[in-house]
Amino acid sequence: MKEIKQKKWFTDFGVLVAFIILSVLFTSFFISSGRIALASDGSFHFSRAEELYQNLKSGSFFTFIATHTFHGSGVGTFLFYPAVFIYPWAFLRFLFNPITAFYIWYGVFMFLTLVISYYVMVKFSQNRLRGFVFALFYTVGSYHLYLGIKNYVLGEFIAYTFVPIAMYGFYEVVWGNSKKWPFLAGGCVLLLYSHLLSVVIAVGIMVIIFIITLILGKRLEQARWFALLKSIGLATLLGSWVVYPFISDYLKDELGGPTPGFTWIRSASVVFDASLKNVASNKGVGLALLVAALIGWYFVKSKTQEKIFYILGIFFLLAVTNIFPYVILWKYNIFPALQVIQFPYRFLTYASFFLAIVVSEIVVKLSSNLSKYHEILLAMAMLLLSFCLYCSAVTPVLERIWNQNPQAKLQNVHDYYASVPSGGIIDKENYQSLFSYVILYGETDYYPKESFSNNDILSNQGAKSIISHEAKVGNQTEQLQAISLPNALLFNIKVTRATTIDLPVVSYASDVVYVDNKKVSFKTSDRGTIKINVKKGTHQIKVQYQMSSLFYVLFGVSLLGWISIFLVWVLRKVKLYCREGTVS
């Protein structure tokens, strides 16, 4: 027994080394270029990382509102869009230039996706080759690369890493060993820390599968119901601090946000063609997973469980296409809860997940009669194939980065409403110029509805006036530049008579205002900004977001919860080592 476990440990160590090497190779092309070609959500997330970095540099750990980026509007992007896993990126800025810092962060999450996927599949199948193959092809799926390195949809990119944990935990609670319920709680909380919509989609999928399972006659023992309740309890304990700002501010104010509905619906032929081309895209899953979709049934038809995984993979692949009547659902407002997904291509995460399971089953079946030596050769071949597929998928991204047109490099702009051009190039020299542009998608997300522009700044006068720092002093309009502080904006202004000042700062329920170091009351203007009364004279006005002490209590409880989970895990490993002489 001890010898077998030692062999497993050496195998795991070898896999870990392979994943480290692969992750370094994944990022080496990009780091050596020293450039980033911006697209889609890039400016949004780079601005978030910059805000965290600036606040950390000033000694403030928590960030709630944007004062250095997002045109210093005080928008609550960090209140309603989790930034937990953006912090490592911000900390890397202290050690590396901003371009290298991002690519290292990207490489770390590619590595985490490999490790987590491998660990989960080994736990599920007790087969290390299957875990290795699943990890490779799940990680290099073309949709994953689209999220991470092509269009910088980084919230979903992070969430993609933790989907296997959540889905594995759900499987164990409903069908497997219900004592493994912490995987369900932990996986869902990690999704919550990554991207709110991703956890909503994941939980929605689980609920639907759970209901179908019950309808088909599955009876859940009391232990499973109890495990499910414990998962919900632990998830609430660990995640309530992230949800709290929605209760304290979002529900108290009418704020703008992403519009529900269905857009970018693909035809089946487009999905097939994009997958065949194997480029980083939101239109397909990549070549390897497409092959699994085409031939997988032959390899899984003898096992009920594997057939279910295959069917789910095909279902989510088709759910991306217009085979599903999304237009009719939207037109007649049928099943409106589904409209929260906005883009049906988001189901590609789950198509990739289940089809990667099928790929791993195919490889295991084909290798069932191989010797250990040939099995190692097969694993190396899979490693090489996955790297080739990765290179193929990111080649268009590299070509975009290698664009030598000098006009592609971003320059500082003085037009408040200029958007970041798609494909604009930044490097360590012109990186800061990025923040002089309007964010392409999300500049006014979480603005009050009066000034929410839904990504069309010029369509809303309120949004334009906030972004251009227009203050309304009595009946006059003037540009008022603020001094940026962590979670606060400082204004110096002189008025010739007692008057009202409507500051270009987004108003939230938890904002506080100080005039000459004295706290004053404020109103919300008709554009959704801070409005105060001042007397004649020169004044220093400070607008600060003041988070409730309950938030910090909830954060502390969550932190203690994670520490406790880690200590329990370590103690169990120590007991196992003392009993059996090795760590499994």
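The structure contained in this document is the topic of the report that follows. (Residues numbered from 1 in each chain as written. Predicted model: local features only at pLDDT ≥ 70, side-chain atom pairs only at ≥ 80, totals over all residues. Heavy atoms only, no water.)

## A few points about the overall build of the protein chain
The helix and strand tally for the protein chain stands at 19 helices and twelve strands. Projected onto the principal axes, the alpha-carbon positions of the protein chain cover approximately 90 × 55 × 55 Å. Across the 584 residues that make up the protein chain, the buried fraction comes to 55%. Once local pairs closer than 6 in sequence are excluded, the contacts in the protein chain between residues at least 24 apart make up 73%. About 26,300 Å² of surface is accessible on the protein chain, with carbon and sulfur atoms providing 64% of the total. Between the mean site of the 49 positive side-chain charges and the mean site of the 30 negative ones, the protein chain shows a separation of 8 Å. (Helix = DSSP H or I, 4+ residues; strand = E, 2+ residues; numbered from the N terminus. Buried < 20%, exposed > 50% of the residue type's maximum accessible area, 1.4 Å probe, protein only. Contact = heavy atoms within 4.5 Å. Areas by Shrake-Rupley, 256 points an atom, 1.4 Å probe, with all protein chains shown as cover. Lys, Arg positive; Asp, Glu negative; His and termini not counted. Charge placed at Lys NZ, Arg CZ, Asp CG, Glu CD.)

## Let's talk about the sheet that holds strand S11 (residues 529-534)
Taking strand neighbours across the sheet as the criterion, the five strands line up as S4-S3-S7-S11-S10 in an open arrangement whose pairing is antiparallel. Sheet topology places strand S4 (476-479) and strand S10 (523-524) at the edges, where each strand pairs with a single neighbour. Inspection of the sheet shows strand S3 (residues 470-473) paired to strand S7 (residues 499-506) by two bridges, in the antiparallel sense. Note that in S7 the partner of Lys472 across the bridge is Asp502. (Pairing = 2+ DSSP bridges.)

## Some remarks on the packing of aromatic side chains
According to the stated counting rule, one finds 74 aromatic pairs in the structure shown. Seen from their ring centres, Phe262 and Tyr326 are 4.9 Å apart, and the 45° between their planes marks the pair as tilted. Pair noted here: Phe262 is in the loop between helix H11 (222-250) and helix H12 (268-277) and Tyr326 is in helix H15 (residues 326-331), with a separation of 64 residues, a long-range link. A relative accessible area of 11% places Phe262 in the buried class. For Arg93, the ring lying beneath its charged end belongs to Tyr53, and the centroid distance is 4.0 Å. Over the aromatic face of Tyr417 sits the side chain of Lys464, whose NZ or CZ is 5.4 Å from the ring centroid. (Phe/Tyr/Trp six-rings, centres within 6.5 Å; stacked < 30°, edge-to-face > 60°. Lys NZ or Arg CZ within 6 Å of the ring centre and 35° of its normal.)

## As for empty space enclosed by the protein
A complete count under the given rule lists four cavities of 30 Å³ or more for this structure. What the largest cavity holds in volume is close to 100 Å³. As for the largest cavity, its lining consists of Glu156, Ala159, Tyr160, Val163, His195, Ser198, Ile201, Arg346, Thr349 and Tyr350. For the lining of the largest cavity, the secondary-structure elements that each account for two or more residues are helix H8 (154-174), helix H10 (196-215) and helix H16 (348-366). (1 Å grid on protein atoms, 1.4 Å probe; cavity = no way out; pocket = protein on both sides within 12 Å on 5 of 7 lines; lining within 4 Å. Points joined across faces, edges and corners; volume = space filled by probe spheres on them.)

## Side note on the pairing of S7
Within S7, seven of the eight residues are buried, which leaves it mostly tucked inside the rest of the structure. Bridge count between S7 and S11: five bridges; the pairing is antiparallel. For Asp502, the partnering residue across the bridge sits in S11 and is Lys531.

## Quick word on the sheet that holds strand S5 (residues 483-485)
Adjacent strands of a sheet pair through backbone hydrogen bonds, lying either parallel or antiparallel. Taken in spatial order, the five strands line up as S5-S6-S12-S8-S9 in an open sheet, and their pairing is antiparallel. The open sheet terminates on both sides in strands that have one partner only, identified here as S5 and strand S9 (518-520). Across this sheet, the average inter-strand angle for adjacent strands is 30°, counted without regard to direction. Alignment of S5 against strand S6 (residues 488-495), held across three bridges, turns out to be antiparallel. (Axes fitted to C-alpha atoms, helices over the stretch in contact; angles between N-to-C directions.)

## Notes on the nonpolar core
Core analysis: the largest hydrophobic core is formed by 175 residues, its most contacted members being Phe102, Trp105 and Phe137. The contact partners of Trp105, leaving out residues within four places of it in the chain, are Phe85, Ile86, Pro88, Trp89, Leu92, Leu154, Phe157 and Ile158. Among the nonpolar cores identified, the runner-up in size contains 17 residues, and Val473, Leu480, Val495 and Val543 belong to it. (Core = buried A, V, L, I, M, F, W, Y, C linked by side-chain atoms within 4.5 Å.)

## Quick look at the environment of Leu355
For Leu355, the position within the fold is in helix H16. Along the backbone, Leu355 and Tyr310 are 45 residues apart, and their C-alpha atoms lie at a distance of 6.4 Å. Beyond its immediate sequence surroundings of up to four residues, Leu355 is in contact with Val285, Leu289, Ala292, Ala293, Gly313, Ile314 and Leu317.

## Some details on the pattern of salt bridges
Should the charged atoms of two oppositely charged side chains come close, the side chains can pair. Counted under the stated rule, the structure contains twelve salt bridges. Ionic pairing is found between Arg527 and Asp502, a salt bridge with its closest N-O pair at 3.2 Å. One end of the pair, Arg527, is in the loop between S10 and S11; the other, Asp502, is in strand S7, with 25 residues separating them in the sequence. Residue class for Arg527 comes out buried when judged on its relative accessible area of 3%. (Salt bridge = Lys/Arg side-chain N within 4 Å of Asp/Glu carboxyl O.)

## Focus: helix H17 (residues 372-401)
Compared with an ideal rise of 1.5 Å per residue, which puts 30 residues at 44 Å, H17 spans 42 Å between its outermost C-alpha atoms and is within 8% of the ideal. The largest bend along H17 measures about 45° and falls at Val394, with the proline Pro396 one to four residues further on. If you check which residues of H17 are buried, you get Leu378, Ala379, Met382, Ser386, Phe387, Leu389, Tyr390, Ala393, Val394, Val397, Leu398 and Ile401. (Expected span 1.5 Å × (residues − 1). Bend = angle between axes of the 7 residues up to and from the residue.)

## Describing a nonpolar patch on the surface
Taken together, the side chains of Tyr119, Leu559, Leu560, Ile563, Phe566, Leu567 and Trp569 present a nonpolar region at the surface, about 740 Å² in accessible area. No other element matches helix H19 (residues 549-580), which puts six residues into the nonpolar patch. The topology assignment puts Leu560 in helix H19. Owing to a relative accessible area of 55%, Leu560 belongs among the exposed residues under this scheme. (Patch = residues over 30% accessible without salt bridge, like charges linked within 9 Å, V, L, I, M, F, W, Y side chains within 5 Å.)

## Details of the packing of helix H5 (residues 98-125) against H8
The N-to-C vectors of H5 and H8 enclose an angle of 10°; their axes lie 10 Å apart at closest approach. Regarding the angle of H5 to H8, the classification is roughly parallel. For the pair H5 and H8, the crossing hand works out as left-handed. In this structure, H5 uses Phe102, Trp105, Tyr106, Phe109, Met110, Leu112, Thr113, Ile116, Ser117, Val120, Lys123 and Phe124 to contact H8, whose residues at the interface are Leu154, Phe157, Ile158, Tyr160, Thr161, Phe162, Pro164, Ile165, Tyr168 and Tyr171. Within the contact of H5 with H8, the residues separate by chemical class into 18 nonpolar, three polar and one charged. (Parallel < 35°, antiparallel > 145°, perpendicular 65-115°, else oblique. Left-handed = near helix turned anticlockwise from the far one by under 90°. Nonpolar A, V, L, I, M, F, W, Y, C, P; charged D, E, K, R; others polar.)

## Re the pairing of S11
Sheet topology note: the S10/S11 ladder contains two bridges and is antiparallel. Following the sheet pairing, Thr524 is matched in S11 by Ile530. Between S10 and S11, which pair antiparallel one after the other, the connecting turn spans four residues, and Gly528 there sits at a positive phi close to 85°.

Nothing here speaks to function; it is geometry throughout.
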